[in-house]
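# Fold and contact review
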There are 2 protein chains.
Amino acid sequence: MSKRKTKDSTEPNLFESPAEFEAAVAVMDPPAESETTAAANTGKKRSRRTHQAATAESMATKQRDISISEFFAKNRHLLGFDNPRKALLTAIKEAVDNALDACEDAHIRPTITVSISAFDGSDNKFRVTVKDNGPGIVAKQVPNIFARLLYGSKFHMLKMSRGQQGIGISAAGMYGLLTTGEPVQIITRTNPKKSAMHYHVQIDTTNNRPDVMLDEECEFDLPTGTSVTITLEGRYQKGKQSVDEYLTQTAMANPHATITYSTPDGSVTEYPRQTQELPFIPLEIKPHPYGVELGVLFKMARQSDSKKLREFLHLEFSRVSARVAEAICKKAKLSVNLRPNAITLKEVETLRAAINSTKLLAPPTDCIAPIGEEKLIDGLKRVVEADFYESCTRKPAVYRGNPFIIEAALAWGCKNTDGNGDDKEPLMRLVRFANRVPLLYQQSACATYKAVLETNWRNYGLSQSKGALPAGPLLLMVHIASVWVPFTSESKEAVAHYPEIIKELKLAIQECGRKLGIHVRRQKRIKEEMVKRGYIETYLPHIGQALRDILSLKDNQVEDVVAKLKYTLEHSRKI
Amino acid sequence: MSKRKTKDSTEPNLFESPAEFEAAVAVMDPPAESETTAAANTGKKRSRRTHQAATAESMATKQRDISISEFFAKNRHLLGFDNPRKALLTAIKEAVDNALDACEDAHIRPTITVSISAFDGSDNKFRVTVKDNGPGIVAKQVPNIFARLLYGSKFHMLKMSRGQQGIGISAAGMYGLLTTGEPVQIITRTNPKKSAMHYHVQIDTTNNRPDVMLDEECEFDLPTGTSVTITLEGRYQKGKQSVDEYLTQTAMANPHATITYSTPDGSVTEYPRQTQELPFIPLEIKPHPYGVELGVLFKMARQSDSKKLREFLHLEFSRVSARVAEAICKKAKLSVNLRPNAITLKEVETLRAAINSTKLLAPPTDCIAPIGEEKLIDGLKRVVEADFYESCTRKPAVYRGNPFIIEAALAWGCKNTDGNGDDKEPLMRLVRFANRVPLLYQQSACATYKAVLETNWRNYGLSQSKGALPAGPLLLMVHIASVWVPFTSESKEAVAHYPEIIKELKLAIQECGRKLGIHVRRQKRIKEEMVKRGYIETYLPHIGQALRDILSLKDNQVEDVVAKLKYTLEHSRKI
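Residues numbered from 1 in each chain as written. Chains lettered and ligands numbered in written order. Predicted model: local features only at pLDDT ≥ 70, side-chain atom pairs only at ≥ 80, totals over all residues. Heavy atoms only, no water.

### Some details on the overall build of chain A
The condition is simple: Only DSSP runs of H or I with at least four residues qualify as helices, and only runs of E with at least two residues qualify as strands; both kinds are numbered from the N terminus onward. Areas reported here follow the Shrake-Rupley algorithm with a probe of radius 1.4 Å; residue values treat only the protein chains shown as occluding.
Looking only at helices and strands, chain A features 16 helices and 18 strands. Total accessible area computed for chain A in this model is approximately 24500 Å², and 52% of it derives from carbon and sulfur atoms.

Next up, the structure:
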């Protein structure tokens, strides 16, 4: 235990600036160390003096409602706004995700412009604009979409999309408001024949409702589309976990999109469309009855518009035909004409047991579309030059009734991975995607990381320390596509540890890993063979020479013997 | 890339049960593998056929409000309810945390009973009851506290407490309702002279409002206190990350509490109080002006009840005396009599600049109380037997204006750590606490884990692979105490990566680490010395013998020479 000298200083410390103050309290500073003990002591004394024991009544006066926006303003790290650099990335990510979703929903090939510029000459405030050629947004929805948390179209659907919670873009606007006081600016046009609308909106955090500061017609250079501008405190820096990395990886997973990116230092990067084809048209699905919990089933029935149990089952779930619905009712000994909104909890329990003992089709899988094994490798090739590529798209699996697909792809012998370390043999690099969105933060919290750690890479010829990623010139890309990706937090940076998902991840990684193992072992064998051949080529002529001298052979005889000897040696692989 | 044979099966697969179905879709099953391709193809065709391109108008019809309880019901892994085993732990954790907080607020020594029993003879449904001797809960608050998310007393205060969000216990009740349909049962008594109240409440997830099913007077065996019972789907299993581990660690960090625990298998464990003293009486503090963001300052001013700027600054912040408030106003060139609710954004910007250039006291630290260096070691000793213990309580630091204290303690040469692995040299074990609550999940997402990885343990004589925890018989305990612990998710399992927190963690770990290094090196030296002494003891008599023969010495002369030789050899430490 460390003993510290206690200084009897009762004089308070004064600081010149917040930076100095934080430095003074944060950095170990011997003369000030007594503060802990002193403060703790005086603290204890003072608290004993001023603190009244609470009673149930005094507590009751303090209990009250917490607005969702107050909650997230205080917990803004949950939304990805923990520090200025990440905040800049998160704001752009939310806007780009929405832009891509909107274009795809409207069957439009996305053309997206991202620009970051310094705000008001400041070096820590930026103005971020993301513009898309999507269908635009109906005027009266604009304030809710951009300045109200938990408002959106994607939450109540089971459909593969980037956004899902109705939080992201409003949260970015809220963070901008908190740090700069500036409202979110939106220009949107839904019809080429009408003029565009221009809005300034900001969130009222106490009530989670939008305040509209400006609402007027304006010019816009696209027939339809949306442009959103957020002013926020941030830090622009290239490299790992940067906006640049996010946009490069986004372009890699979305070859159907054109993205133009201008940075505060004036450089412009363009990622042109690689394919004219839209990648997939995601379909909305209904929940599969096997995944539905008792309480959820009860609530769905009680709130159903269906008049009869049979219709309820048939219409509100996927894979329940009218015939199957009847069979389920019969098995549960419930009338097909039972009114769902009058069902009792006991009846729901019987119904659920009946469902779970009925043969049903697997959930439809046309609602999720993987990137595909070929496109995965194309994507990898665009990013790293390597000796060996392998990819695997698993078939759909299910967690809590939600279908999902796992994909993995790897590149081995990478020439330009910068890896995670600085030794000669750096650790592998893991690149993660969820519904085509790159995940740049919280790698170690992610189900993918767990799956990689739990894979025995030594089986595939790689070295791996316990509790660490394997080492080697390896880049592993993993993609989860689902109608509902379970993230570990609202900032959507890591996938939650559902056992079904980890299992599929491991199977996908193992499938690629086995092929990698064959390649690595073959490489090793070839290397050994080359060494052996080197020996043969070097020493064989001398042996020939010696044989000629000993056995008095002619030159052609020597050649013949040497050739035979070489063949024999090269074909005996046992070294 | 793996090529698969495509089977022309158009026949749908039928399954006997959900388990079989999930197994079939989840496990690699060659005959069914064609499904991916087939489904994706038909999917594509079907989607082209049935999917209409969305327009701004069609999207607008789908955009709507999302209730906070719907949000968390769908994202229940955010609250710690991802799987049945963790759900059981989380429900108990939330109830115990609340019980401890309530007792401490009322200056009552906590006596808490936790019991888990099988529900209705089922092996996957449990009834969990947590009973405390706290001050009880005022009748009309019961429904809101137990069946409404984001409702509570702790969110709007800056005060060290276990609960902080007003989500936990209602979320546990909601999970119980979803999985078993059973309401939360509460018995509470606030006054020994009045009878206790008995409630059955459940959350209406669509509106995030409580439904009261039962409300009656009843008997209760304590003068004041609360008992909460939740029925939920769960799995009871001992070992790592179990309820048992949570309660053991809770007892370790809360020596002032008595906890009695009965498990479903009928065993009863009691953790008696170790001290009669209440550990600390946390005080509520006001925000420190250095940590306040522009938007927050603006909002606080506009909503302030103060009539003058000077009063606003003095009353709503800590460490701003009337004199300092005047100085700030003067520096900002604003009138001390300016009405805060009429302030403009530009004026707030000037005000904030003036605050940040004014000398201010560090935030008060009597609002947070560390466990203390001695108690930390006592706690460790209760859990592991080891050769060497060391602890460190840092002085308070600040992140985003919130004071916090980091503590670290380590035990080296542990006899009974089970470590993280199964090799001869297992990885160290990390035990984490936040405001005296053990954190059992998401270790690798935690700031503490990052701090341990970024510490160079080789400096302290331990082996450490890149990207992994160090190896050795080491247990490291880390505690963060703060008026507001920033967790990575609502389930409060890991601390977010704020740079200020990671820095303090590393300093605390290093302080213990340096002492450990000295010990480890000394141990090594002692070991080497023992080896040397062994040699000396073995060979010295023979040398004496030889000297006698060569130099013809007498026995006493030999003894004298040998003693001198031994002294010289033992005191020359250069081997």
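Additional details are given in the paragraphs that follow.
### Brief notes about the pairing of strand 7 (residues 209–218) of chain B
Residue and element names in this part refer to chain B. We apply this condition: Pairs of strands are assigned from DSSP output, requiring at least two bridges between the strands.
Across nine bridges, strand 6 (residues 196–204) lies against strand 7 in antiparallel orientation. Residue pairing in the sheet places Ile 203 in a bridge with Pro 210 of strand 7. Hairpin connection of strand 6 to strand 7: four residues between the antiparallel strands, including Asn 208 at a positive phi of 50°.

### Side note on the sheet that holds strand 10 (residues 268–271) of chain B
Residue and element names in this part refer to chain B. Cut-off, in case you're wondering: Axis lines are fitted through C-alpha atoms, for helices just across the contact stretch, and the angle between N-to-C directions can take any value from 0 to 180 degrees. For this analysis, residues touch if any pair of their heavy atoms sits within 4.5 Å.
On the basis of which strands lie adjacent, the open sheet formed by eight strands has the order 7-6-5-8-3-2-9-10 and mixed pairing. Since the sheet does not close on itself, it has two edges, and those belong to strand 7 and strand 10, each with one partner. Strand-to-strand twist of the sheet, defined as the mean angle between neighbouring strand axes without regard to direction, takes the value 15°. In this sheet, strand 9 (residues 258–262) lies alongside strand 2 (residues 111–118) in parallel orientation, the contact comprising five bridges. Looking at the pairing, Thr 111 lines up with Thr 258 of strand 9. Its contacts with the sheet put helix 7 (residues 168–180) on strand 3 (125–132), strand 5 (184–189), strand 6 and strand 8 (225–233), and the angle it makes with strand 8 is roughly 40°.

### Let's talk about the side chain of Ser 67 of chain B
Examined against the element boundaries, Ser 67 of chain B turns out to sit in the loop between strand 1 (64–65) and helix 4 (68–74). In this structure Ser 67 of chain B touches Thr 205, Thr 206 and Asn 208 of chain B, once residues within four positions along its chain are discounted.

### Side note on the packing of helix 7 (residues 168–180) of chain A against helix 9 (residues 294–302) of chain B
For the record, the criterion: The cut-offs work like this: below 35 degrees is roughly parallel, past 145 is roughly antiparallel, 65 to 115 is roughly perpendicular, and the gaps in between are oblique. Classification used: nonpolar for Ala, Val, Leu, Ile, Met, Phe, Trp, Tyr, Cys and Pro, charged for Asp, Glu, Lys and Arg, polar for all others including Gly.
The N-to-C vectors of helix 7 of chain A and helix 9 of chain B enclose an angle of 75°; their axes lie 4 Å apart at closest approach. With respect to their mutual orientation, helix 7 of chain A and helix 9 of chain B come out roughly perpendicular. Residues Leu 177, Leu 178, Thr 179 and Thr 180 of chain A of helix 7 of chain A form the contact with helix 9 of chain B, whose own contacting residues are Leu 294, Gly 295 and Val 296 of chain B. For the contact of helix 7 of chain A with helix 9 of chain B, the class distribution of residues is four nonpolar, three polar and no charged.

### Observations regarding the confidence of the model for chain A
All names here are of chain A. The line we're drawing: As a per-residue measure, pLDDT reflects the predictor's confidence and takes values from 0 up to 100.
Of the residues in chain A, 88% have a pLDDT of 70 or more, and the chain-wide mean is 84. Here residues 1–16 is modelled with pLDDT under 50, and outside its nearest four sequence neighbours on either side it reaches 42 contacts, counting other chains as well. Note that pLDDT drops below 50 for residues 419–423; the model gives that stretch 13 contacts with residues more than four away or on any other chain. As a predicted assembly, this complex carries a pTM of 0.81 together with an ipTM value of 0.78.

### Things to note about the pattern of salt bridges
The condition is simple: When a carboxyl oxygen of Asp or Glu is within 4 Å of a side-chain nitrogen of Lys or Arg, the pair counts as a salt bridge.
Enumeration according to the criterion identifies 38 salt bridges over all chains in this entry. With its nearest N and O atoms 3.2 Å apart, the salt bridge here joins Asp 105 of chain A to Lys 159 of chain A. In this pair, Asp 105 of chain A sits in helix 5 (residues 84–105) while Lys 159 of chain A sits in the loop between strand 4 (151–152) and helix 7, placing the two residues 54 residues apart along the sequence. Lys 515 of chain B serves as the salt-bridge partner of Glu 390 of chain B, at 3.7 Å between the closest nitrogen and oxygen. Of the two residues, Glu 390 of chain B sits in strand 11 (residues 388–393) while Lys 515 of chain B sits in helix 15 (residues 499–551), which places them 125 residues apart along the sequence. A cluster of three or more residues bridged by salt bridges with shared partners is formed by Asp 101, Glu 104, Lys 154 and Arg 162 of chain A.

### Considerations on a nonpolar patch on the surface
Residues and elements named next belong to chain A. Stated precisely, the cut-off is as follows: The residues that make up patches have over 30% relative accessible area and no salt bridge, and they are joined within 9 Å when like-charged or within 5 Å when they are Val, Leu, Ile, Met, Phe, Trp or Tyr. Note on exposure labels: buried denotes an accessible area under 20% of the residue type's maximum, exposed denotes more than 50%, and partly exposed covers the range between, all computed with a 1.4 Å probe on protein chains only.
A surface patch of nonpolar side chains, amounting to about 540 Å² of accessible area, comprises Val 531, Tyr 535, Tyr 539, Ile 543, Leu 565 and Leu 569. Counting residues per element, the ones that place at least two in the nonpolar patch are helix 15 (499–551) and helix 16 (555–571). Of all the elements, helix 15 adds the most residues to the nonpolar patch, at four residues. Along the chain, Leu 569 turns up in helix 16. Using a relative accessible area of 36% as the deciding quantity, one classes Leu 569 as partly exposed.

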